[in-house]
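The primary structure of each chain is shown beneath.
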Amino acid sequence: MADDSIAVVDLDRCSPDRCSYECSNFCPPNRTGKECITLRGEDAEQGGPDQVRISEEICLGETCGICVEKCPFDAIEIINLPSELDEEPTHRYGENAFSLYGLPVPESGSVTGILGPNGIGKTTAVRALAGEMVPNLGNYGDEPTWEAVLDRFRGTELQNYVEQVRDGEVSIARKPQYVDQIPKQFDGSARDLLEATDERGALDSYIDRLDIGPVVDNDIETLSGGELQRVALAATLARDRDFYFLDEISPYLDIGQRVTAARLIRELAEEEDRAVLVVEHDLAILDLLADTLHVAYGEPGAYGVITDPKSVRNGINEYLKGYLSNENMRIRPEAITFEEHAPRETTKAEPLVEYPELAKSYGDGEFSLDVEAGTIYNGEVLGIVGPNGIGKSTLAQLFTGDLTPDMGELDFALDISYKPQYIEIDQPMRVDAFLSSITDQFGSSYWNTEIANPLQLNRIMERNLTDLSGGERQRVAIAACLSQDADLYLLDEPSAHLDVEQRVQATSAIRRYAENHDATVMVIDHDIYMMDLLADRLMVFDGEPSIEGHASKPQEMRDGMNDFLSDLDITFRRDERTQRPRINKPDSQLDREQKRAGEYYYA
Ligand code: SF4
């Protein structure tokens, strides 16, 4: 095999009891008597059918790929590593297993970001940086040592840090990615959890600034996703450690809460001189949060590369462009581009629906929502923004007919395809069976190009719906929503649980679908980049979360953004090179000028 190729066998998928070793039967070197695909021998010793190993020395590489085609379980990947990648792995889990290249560089007093998809080795990297494992530098047969690791990184920015890890001088605090798991690991109230972690005496300030007070004495089990996320953040930041690792801060939080979390993290790094490493998929928040950035790329599950540090601005710009300059590496065929100016007021198409003023209250009047009358036009993408607990999902349910308004009548006879915020897919059914039951386009080249490929469904088609992760479930639910014939598509938080690359792909799938089908789409989301790329007009919610909400009529983007951001007291400027929106520092000259001019977004 070419030196720059790897073979990866997914042992969770390789099921020789259900195939007849077609990979090895058809492998060209095997057919000429060479031992390219052989049996591992490990399972046979235990009486089971034996899984395969692939010799990377003999394999002909990606240009052959016959075994990849033949394997009925998608268990094999043969990958030509980019020729530009001239380094050796930092860690390889074993023969035909995942490899990680590079490591992020934590630095006291600063926030280091990692930008890239899930599944490319960030957990491995953090375990190494925390001293919980010694990276084997790709020599998985040998006992790894810190001296060898130090030799590898001598003379680089990581040398000092590796020396400290070797000497056992680095302590770590971690915020997990999946905060919904916390109630399974902890019994008691949020206060019990927080008091146990308050090593810096910072708890009261975090409870106040993250607005945890109203729920702090509640049982952890009863907290919502957004409340758990804020408790997990406070619990991590209140520790007294050298190195903090935060695996996503934005899930379940609205944009105001995300900005507050980002500011608290920056304060911890700057004022307490701590090293913070953050993985974050909301690019506007990552931009605000990090001082330096590592872009991560690769093939999830097969290999991951963490680049040398870049400035945050360059890192995000290069990522959006799809091309990493220093590395001379293309990571995506097309660039993601933003419009500098608000879309011009368009001559409106035909109205799809005109709805009257609406009101709805529930919980014995504890929460009430009022909605201004408005019109939704055929073929437009209407963005819906506002804080959590303000009634956005209630509006969606009024439209779908799942809730009935107390005032106003929605008597339109529209077919609505709805993706709710909380996806409950509990049928014990395979993904392919589920999606083919929704559309007879399933499997057509058109459906594959428009829906399955951008939403990366191919590798999960044979999985059961009940076994999917949050992000996989989200992608299936978006696909199911867009695959139906409908007059109106309503997607509630499509970015939730998606990594940055999946957001980029899902955004373009939704936008392309809307354009190609002249479809009318309503999207509720907190990711401002996703909204910027998707929406033609905006509906803005304000009010007091959990008490009362008010929904504006659909507005042009400029008015809608001003309405939304003035409420949050946040302004955005444009990056000169890519025109992407960037959050201004509070009270900076631009922030003050834009607020004075009333231009919060399209300055
Ligand atoms: Fe054999 Fe390699 Fe071809 Fe697979 S890609 S069939 S292992 S030569």
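Residues numbered from 1 in each chain as written. Predicted model: local features only at pLDDT ≥ 70, side-chain atom pairs only at ≥ 80, totals over all residues. Heavy atoms only, no water.

### Thoughts on the site of the ligand
Among the 14 residues in the neighbourhood of the ligand, the closest are listed as Cys27, Cys59, Cys64, Gly65 and Cys67. Going through the elements one at a time, α2 (28-31) and α4 (66-70) are the ones with two or more residues in the shell around the ligand. A class-by-class count of the residues in the shell around the ligand yields 12 nonpolar, 2 polar and no charged. (Near = heavy atom within 4 Å. Helix = DSSP H or I, 4+ residues; strand = E, 2+ residues; numbered from the N terminus. Nonpolar A, V, L, I, M, F, W, Y, C, P; charged D, E, K, R; others polar.)

### Re the environment of glycine 168
Counting through the fold element by element, glycine 168 comes out in the loop between α7 (159-166) and β8 (172-175). With relative accessibility at 64%, the residue glycine 168 sits in the exposed group. Linking glycine 168 and valine 521, residues 353 residues apart in sequence, is a C-alpha distance of 54 Å. (Buried < 20%, exposed > 50% of the residue type's maximum accessible area, 1.4 Å probe, protein only.)

### Some words on the nonpolar core
Core analysis: the largest hydrophobic core is formed by 120 residues, its most contacted members being Leu435, Leu457, Val476 and Ile528. Not counting chain neighbours up to four residues away, the residues in contact with leucine 435 comprise Phe442, Trp447, Leu457, Met461, Val476, Ala479 and Ala480. By size, the runner-up hydrophobic cluster in this structure holds 29 residues, among which are Leu103, Leu137, Trp146 and Val279. (Core = buried A, V, L, I, M, F, W, Y, C linked by side-chain atoms within 4.5 Å. Contact = heavy atoms within 4.5 Å.)

### Structural notes on the packing of aromatic side chains
Counting across every chain of the model gives 11 aromatic pairs. When the centroid spacing of 5.1 Å and the interplanar angle of 65° are considered together, the rings of phenylalanine 338 and tyrosine 529 count as edge-to-face. Residue phenylalanine 338 is located in the loop between β15 (329-330) and β16 (351-355), and its partner tyrosine 529 is located in helix α20 (residues 528-534); the two are separated by 191 residues in the primary sequence. A single burial state applies to phenylalanine 338 and to tyrosine 529, both of which are buried. Ring geometry for tyrosine 355 against phenylalanine 399: centres 5.3 Å apart, planes inclined by 75°, an arrangement best described as edge-to-face. On the criterion of sequence distance, the pair formed by tyrosine 355 in strand β16 and phenylalanine 399 in helix α15 (residues 392-400) is long-range, its members being 44 residues apart. Considered together, tyrosine 355 and phenylalanine 399 belong to a single accessibility category, that of buried residues. Joined through ring pairs, the aromatic side chains of Tyr355, Phe399 and Phe412 make up one cluster. Directly above the aromatic system of tyrosine 319 lies the positively charged group of arginine 332, at a separation of 4.9 Å from the ring centroid. Positioned above the aromatic ring of tyrosine 601, the side-chain terminus of arginine 574 is 4.8 Å from the ring centre. (Phe/Tyr/Trp six-rings, centres within 6.5 Å; stacked < 30°, edge-to-face > 60°. Lys NZ or Arg CZ within 6 Å of the ring centre and 35° of its normal.)

### What to know about the environment of alanine 335
Structurally, alanine 335 can be placed in the loop between β15 and β16. Separated by 142 residues in the primary sequence, alanine 335 and alanine 477 place their C-alpha atoms 26 Å from one another. Ignoring anything within four residues of it in the chain, the contact list for alanine 335 reads Leu320 and Lys321.

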